[in-house]
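# Structural overview
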Amino acid sequence: MAQRPVMELVSTIRHDGDGGVLDELDTVDGAARWLRRLPGDLFPGEAPAGEGGGGEEPVVDEEWRRELVGVRRAVRSLFARAVSPAPPSPADAHRLMPADEALAALNAASARESVVPQLRWPAEGTPTATLASAETDPRVRLIALLARDAVDFLSSPRREQLRACHAPRCVRYFVRSHGRQEWCTPACGNRARVARHYERAREAAANAAAERAI
């Protein structure tokens, strides 16, 4: 996965390639397809506390889909706050959660998974302490992981590099990799430059026509 987990979640709302907006989590089947694209450490099977995945694949149902959408909605609302006073993504700018409601939802999701200290002491070696999950339900673990990743990102200096891409037809949020980056991908940059070129040409033609009419 190229991006951190929270950016992958946020990007499940994207341009559909045909002038509209696609929501990958709009249906249970869509959510299942997205979840199965996650690497195994994010989408594990059932496992006892402190152990890895590898058991039965979790069942994707409507309840889990709604939980994923709930975390995403909270995060996108807080992303809109983070990029302010610049405009947010147009995909959901008209239905953002109030900031206090989004914060409460994100923190509640993060708190759903308990982590406990575990002692590791090899036969020949130094004992070490690690934190391991005490949650056996992989669905809860993933919801909490996504929320914690959002908490980590939004409380870090990287938050200052968050931007909403406003190239034509794009609705993505992205993290700038350099100071002059305006768009999420080179393709979006090309579309934006073409749009600007045509807008300047249109304005020039309109001005010329107005001057001839005088």
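This report concerns the structure included in the present document. Once a new chain begins, its residue numbering starts again from 1 and follows that chain's sequence as written. The model is predicted, so local features are restricted to residues of pLDDT at least 70 and side-chain atom pairs to those at 80 or more, both for listing and for counting; the totals for chains, interfaces and linings are taken over all residues. Calculated side-chain values reflect all of the structure's heavy atoms, with hydrogen atoms and water omitted.

### Regarding the overall build of the chain
In this text, helices come from DSSP runs of H or I with a minimum length of four residues, and strands from runs of E with a minimum of two, each type numbered from the N-terminal end. Helix and strand content of the chain: six helices and six strands. Starting at the N terminus, the α and β elements of the chain follow one another as α-β-β-α-α-α-β-β-α-β-β-α. Three labels apply to residues, based on accessible area from a 1.4 Å probe with only protein chains included: buried if under 20% of the type maximum, exposed if over 50%, partly exposed otherwise in between. The 214 residues of the chain split such that 36% are buried. When the accessible surface of the chain is totalled, it reaches about 12300 Å², and 52% of it is carbon and sulfur. Surface accessibility follows the Shrake-Rupley procedure with a 1.4 Å probe radius. Residue values consider only the protein chains on display as shielding.

### Focus on the nonpolar core
In these notes, a set of buried Ala, Val, Leu, Ile, Met, Phe, Trp, Tyr and Cys residues joined through side-chain atoms within 4.5 Å is what counts as a nonpolar core. L35, L68, V75, F79, L106 and Y173 are the most contacted members of the largest nonpolar core, which has 35 residues in total. Elements represented by at least two residues in this core include exactly α1 (5-10), α2 (28-36), α3 (62-83), α4 (99-110), α5 (138-154) and β5 (162-164). The residues contacting Y173, other than those within four sequence positions of it, are M7, V10, R76, F79, A80, V83, P88, S89, L162, R163 and A164. Formed by seven residues, the second largest nonpolar core is a distinct cluster that contains C165, F174, W183 and C188. Two residues form a contact once any of their heavy atoms are found within 4.5 Å.

### Details of the packing of α2 against α3
At a closest axis distance of 9 Å, the pairing of α2 and α3 adopts a crossing angle of 70 degrees. Taken together, the axes of α2 and α3 lie roughly perpendicular to each other. The handedness of the crossing between α2 and α3 is left-handed. Between α2 and α3, the residues in contact are V28, A31, W34 and L35 and E62, W64, R65 and L68, respectively. The residue makeup of the contact of α2 with α3, split by class, is six nonpolar, no polar and two charged. As a rule, the C-alpha atoms of each element are fitted with a line to give its axis, helices using only the stretch in contact, and angles between N-to-C directions run from 0 to 180 degrees. An angle counts as roughly parallel when it lies under 35 degrees, as roughly antiparallel when it exceeds 145, as roughly perpendicular when it falls between 65 and 115, and as oblique in every other case. In this scheme the handedness of a crossing depends on how the near helix is turned from the far one: anticlockwise by less than a right angle means left-handed, clockwise means right-handed. Classification used: nonpolar for Ala, Val, Leu, Ile, Met, Phe, Trp, Tyr, Cys and Pro, charged for Asp, Glu, Lys and Arg, polar for all others including Gly.

### Concerning the pattern of salt bridges
Opposite charge on two side chains lets them pair, provided their charged atoms get close. Here a salt bridge means any side-chain nitrogen of Lys or Arg lying within 4 Å of a carboxyl oxygen belonging to Asp or Glu. All chains considered together, the criterion is met by 13 salt bridges. Between E24 and R37 there is a salt bridge, with the nearest N and O atoms lying 2.6 Å from each other. Of this pair, E24 sits in the loop between β2 (21-23) and α2 while R37 is found in the loop between α2 and α3, placing the two residues 13 residues apart along the sequence. Across the pair R66 and E62 runs a salt bridge whose closest N-O atoms are separated by 3.7 Å. Linking R66 with E62, this pair stays in helix α3, spanning four residues, or about one helical turn. Residues joined by salt bridges that share partners form a network here, namely R4, D149 and D152.

### Here we look at the packing of α4 against α5
At a closest axis distance of 7 Å, the pairing of α4 and α5 adopts a crossing angle of 125 degrees. With respect to α5, the axis of α4 lies oblique. For the crossing formed where α4 meets α5, the hand is left-handed. Along its contact with α4, which presents L106, N107, A109 and S110, the element α5 presents I143, A144, A147, R148, A150, V151 and L154. Here the contact of α4 with α5 is built from residues that sort into eight nonpolar, two polar and one charged.

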